Amino acid sequence: MQRERTAPIATRLRGLSTSVFSEISALAHQHGAANLGQGFPDDGPPEHVVAAAHAALDAGHHQYAPGPGIPALRRAIADHQQRFHGQHVDAETEVTVTFGATEAVTAAVLALCDPGDEVIVLDPVYDSYTAVIAMAAAAEVRVPIDPPTEERGWHLDLDRLAAAITPRTRLLLLNSPHNPTGLVLTADELDRIASLCVDRDLTVVTDEVYEHLVHDGSHVPLATRPGMAERTLTVSSLGKTFSCTGWKVGWAVAPPPLTEAVRAVKQFLSFAGGTPLQHAAVTALGSDDTTYAEVTAGNARRHALIVDRLRDADVRVVPSAGTYFVTVDLASLGHDDADAFARRAPEEHGVAVVPIAAFSGTPDALRSWARLAACKREDVLVLGIDRLIASRRR
Ligand code: PMP
């Protein structure tokens, strides 16, 4: 008799399954729905960036790049940190080019955590963090971001963050601007986090991929706060800023000891990837101020379109200070269970949204909340929003 085969995946990775984004995008595709779910842009990068990629191919940049990235891109990343954040970093010893922000986070967690070490993350959490913490056999500790009330939007209780730190805490894995809530931590909040990290001697990995998509206030990198430069690994990537999520050009900026640790692991994850795109990224990052300003302004316009249209229809919507994302309380449309709605909406209503509970360890508190992505063509946004409004249960 044949023995029943069990899933071959390792015990510590049993919780990992196909992400909800992929499932909902597949449904959106199958039913031709307006996809306000997954956060990839409809538009591509600016023309001069695409031209730079063509030119890099024509120039014959087809072979492996150096493991830490081509020197010109490491310099461009260092220049970018100085230009936008006043952060001085050494391109040689403090910058590593990675295969997207995802690889930077992955290399950092694998490099810095021993089995059983605690890693603090915010909940709702970006799913790749949970996955890599599991790969490292470390322990994920989630600090909830509170859902919006009548008075305020999504909110991180810093006392709760402080209370989550234990002698076993190895890393704080932060994300601001935050996916999926759109929460952008203020300079004051970052200063309080900084003093916590200094007091408790914590290392921080901070994912700042939405750094140029802040339309209310401005983005402040945690690494620029007092005492943080020597303990912070800053992660970002080209994907969101230049609408080229498929290029997977990312980076980690960190003091030399952290950089060495990340490079040690990164060389055995992918070694080095996307040489021609690394060359094009030099051009992208060196874009003029108008190009960067339009990135921020375009995102702000699309946000406003979503928020205004939903508000006009009396839908409870929380405008965010940054990221692609706008969050909506679907209970105001008569749908108390956003997860169930998200699974049937592509077929029944012709629109795809993402349930925020899918990012959470305490899904009940976030049951009716959904995330909409503003990075779509305006006609798609209008169609999707109108279909969402039309789904209202009376
Ligand atoms: N971090 C966050 C918070 C994200 O939202 C995303 C993209 N969805 C990533 C990382 C992935 O970035 P990349 O494609 O550069 O790996």
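Every chain is numbered on its own, with residues counted from 1 as its sequence reads. Totals for whole chains, interfaces and linings use all residues, but because this is a predicted model, local features are given only for residues with pLDDT of at least 70 and pairs of side-chain atoms are given and counted only at 80 or more. Side-chain numbers come from the whole structure's heavy atoms, not from hydrogens or water.

Description of the packing of helix α3 (residues 71–85) against helix α10 (residues 275–285)
Two elements in contact, α3 and α10, have axes separated by 9 Å at closest approach and are oriented at 25°. As judged from the angle between their axes, α3 and α10 are roughly parallel. The handedness of the crossing between α3 and α10 is left-handed. Residues Ala-72, Leu-73, Ala-76, Ile-77, His-80 and Arg-83 of α3 pack against Gln-278, Ala-281, Val-282 and Leu-285 of α10. In this count, Pro and Cys sit with the nonpolar residues alongside Ala, Val, Leu, Ile, Met, Phe, Trp and Tyr, while Asp, Glu, Lys and Arg are called charged and the others, Gly among them, polar. Taken together, the residues that form the contact of α3 with α10 break down as seven nonpolar, two polar and one charged. Between the N-to-C directions of two axes lies an angle of 0 to 180 degrees, each axis being a line fitted to C-alpha atoms and, for a helix, fitted only over the stretch in contact. Helical segments are the DSSP runs of H or I of at least four residues, strand segments are the runs of E of at least two, and each set is numbered from the N terminus. An angle below 35 degrees is read as roughly parallel, one above 145 as roughly antiparallel, one from 65 to 115 as roughly perpendicular, and any other as oblique. Crossing handedness: left-handed means the near helix sits turned counterclockwise from the far one by under a right angle, and right-handed means the same turn made clockwise. Throughout, a contact is declared for two residues whenever any of their heavy atoms are within 4.5 Å.

Some details on the sheet that holds strand β3 (residues 118–123)
Within a beta sheet, neighbouring strands are joined by backbone hydrogen bonds and run either parallel or antiparallel to one another. Strand pairing is defined by DSSP finding a minimum of two bridges between the two strands. In space, the eight strands of this open sheet follow the order β2-β9-β8-β7-β6-β3-β4-β5, with mixed pairing throughout. The outermost strands of the open sheet, each flanked by one partner alone, are β2 (95–99) and β5 (155–156). With five bridges connecting them, strand β6 (residues 169–175) and strand β7 (residues 203–207) associate as parallel partners. If you follow Asn-175 over to β7, its bridge partner there is Asp-207. Sheet strands in contact with α3 are β2 and β9 (249–253), and its direction is about 110° off that of β2.

Section: the nonpolar core
In plain words, nonpolar cores are sets of buried Ala, Val, Leu, Ile, Met, Phe, Trp, Tyr and Cys residues tied together by side-chain atoms within 4.5 Å. Under the scheme applied here, a residue whose accessible area is under 20% of the maximum for its type counts as buried, over 50% as exposed, and between as partly exposed, the area being computed with a 1.4 Å probe on protein chains only. Counting 35 residues, the largest nonpolar core has Ile-306, Leu-310, Leu-330, Leu-372 and Leu-388 as the members making the most contacts within it. Those elements that place two or more of their residues in this core are α1 (20–31), α11 (289–312), β11 (325–329), α12 (338–348), β12 (351–352), β14 (369–373) and α13 (378–390). Sorting elements by how many residues they give to this core places α13 first, with five residues. Setting aside chain neighbours within four positions, we find Leu-388 in contact with Leu-310, Leu-330, Leu-333, Phe-341, Val-351, Val-353 and Leu-372. Counting 33 residues, the second-largest nonpolar core is a separate cluster that includes Cys-113, Tyr-129, Leu-171 and Phe-325.

Digging into helix α7 (residues 187–199)
Here, expected helix span is obtained from the residue count minus one, scaled by 1.5 Å. An ideal rise of 1.5 Å per residue puts 18 Å on 13 residues; α7 measures up with 18 Å between its terminal C-alpha atoms. Among the residues making up α7, those that are buried are Glu-189, Leu-190, Ile-193, Ala-194, Leu-196 and Cys-197. Taken around the axis of α7, the buried residues stretch over an arc of 160°, which confines them to a single face. Exposed and facing more than 90 degrees away from the buried side of α7 are Asp-188 and Asp-199. If you follow the buried residues of α7, they end up packed against α6 (158–164), β6 and β7. Asp-201 sits one or two positions beyond α7 and adopts a positive phi of about 50°. Taking the helix axis as origin, the arc is that swept by the directions to the C-beta atoms.

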